[in-house]
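# Secondary and tertiary structure notes
Chain by chain, the residues run as shown.
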Amino acid sequence: MLSTEDDILRAAEGWRREGRAVALATVIETWGSAPRPVGSHLVIDGDSRFLGSVSGGCVEGEVITEALDVIADGRSRTLEFGVADETAWRAGLSCGGRIRVFVERID
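Cut-off values and rules
Residues numbered from 1 in each chain as written. Predicted model: local features only at pLDDT ≥ 70, side-chain atom pairs only at ≥ 80, totals over all residues. Heavy atoms only, no water. Pairing = 2+ DSSP bridges. Helix = DSSP H or I, 4+ residues; strand = E, 2+ residues; numbered from the N terminus. Polar contact = N/O pair within 3.5 Å; in protein donor to acceptor, adjacent residues only side chain to side chain. Salt bridge = Lys/Arg side-chain N within 4 Å of Asp/Glu carboxyl O. Buried < 20%, exposed > 50% of the residue type's maximum accessible area, 1.4 Å probe, protein only.

The protein goes by XdhC family protein in an unreviewed UniProt entry, where it is assigned to Methylorubrum podarium.

Below, the structure is given as structure tokens:
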């Protein structure tokens, strides 16, 4: 069962209190057929543990990789995956839509 968005945000807060390095990925825009709605979250820690979903699994690996870079350098990023994007096809986003995901470090 997928955790609620509130559960995911509480987990991010708890992980920070435990001293973990944490990034939060949030769906900020969708177009067409998108697996998760705007506002969906994925929280990632510095050891690649994660909770939540921004894409129903199809681009999560790419987002986690970028999140680890965000944790390391502190620079937020906006990622875009779409049906015409080679990265999206490689990651499995073949649903015919597009998503934009904002990834930020939580300090």
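Now that the structure has been shown, the text picks up again.
Before going further, it helps to spend a moment on the pairing of strand β5 (residues 98-106). Where strand β1 (residues 22-31) and β5 come together, 9 bridges link them in antiparallel fashion. Residue pairing for β5: Ala-23 is matched across the bridge by Arg-105. Note that strand β4 (residues 77-82) and β5 share 6 bridges and pair antiparallel. Opposite Leu-79, over in β5, you have Val-101 as the bridge partner.

Structurally, Ser-53 can be placed in the loop between β3 (50-52) and α2 (60-73). A polar contact of 3.3 Å, which involves the side chain of Ser-53, links it to the side chain of Glu-60.

Applying the stated rule across the entire model yields 15 salt bridges. In this structure, Arg-49 engages Asp-47 in a salt bridge whose closest nitrogen and oxygen atoms are separated by 3.1 Å. The exposure class of Arg-49 is partly exposed, given its relative accessible area of 41%. Residue classification places Asp-47 among the exposed residues on the basis of a relative accessible area of 58%. In this structure, Glu-80 and Arg-100 form a salt bridge, with 3.9 Å as the shortest nitrogen-oxygen distance. Of the two residues, Glu-80 sits in strand β4 while Arg-100 sits in strand β5, which places them 20 residues apart along the sequence. Residue classification places Glu-80 among the partly exposed residues on the basis of a relative accessible area of 41%. Residue Arg-100 is classed as partly exposed on the basis of its relative accessible area, which comes to 27%. Three or more residues are tied together by salt bridges with common partners; here these are Glu-18, Arg-20, Asp-45, Asp-47 and Arg-49.

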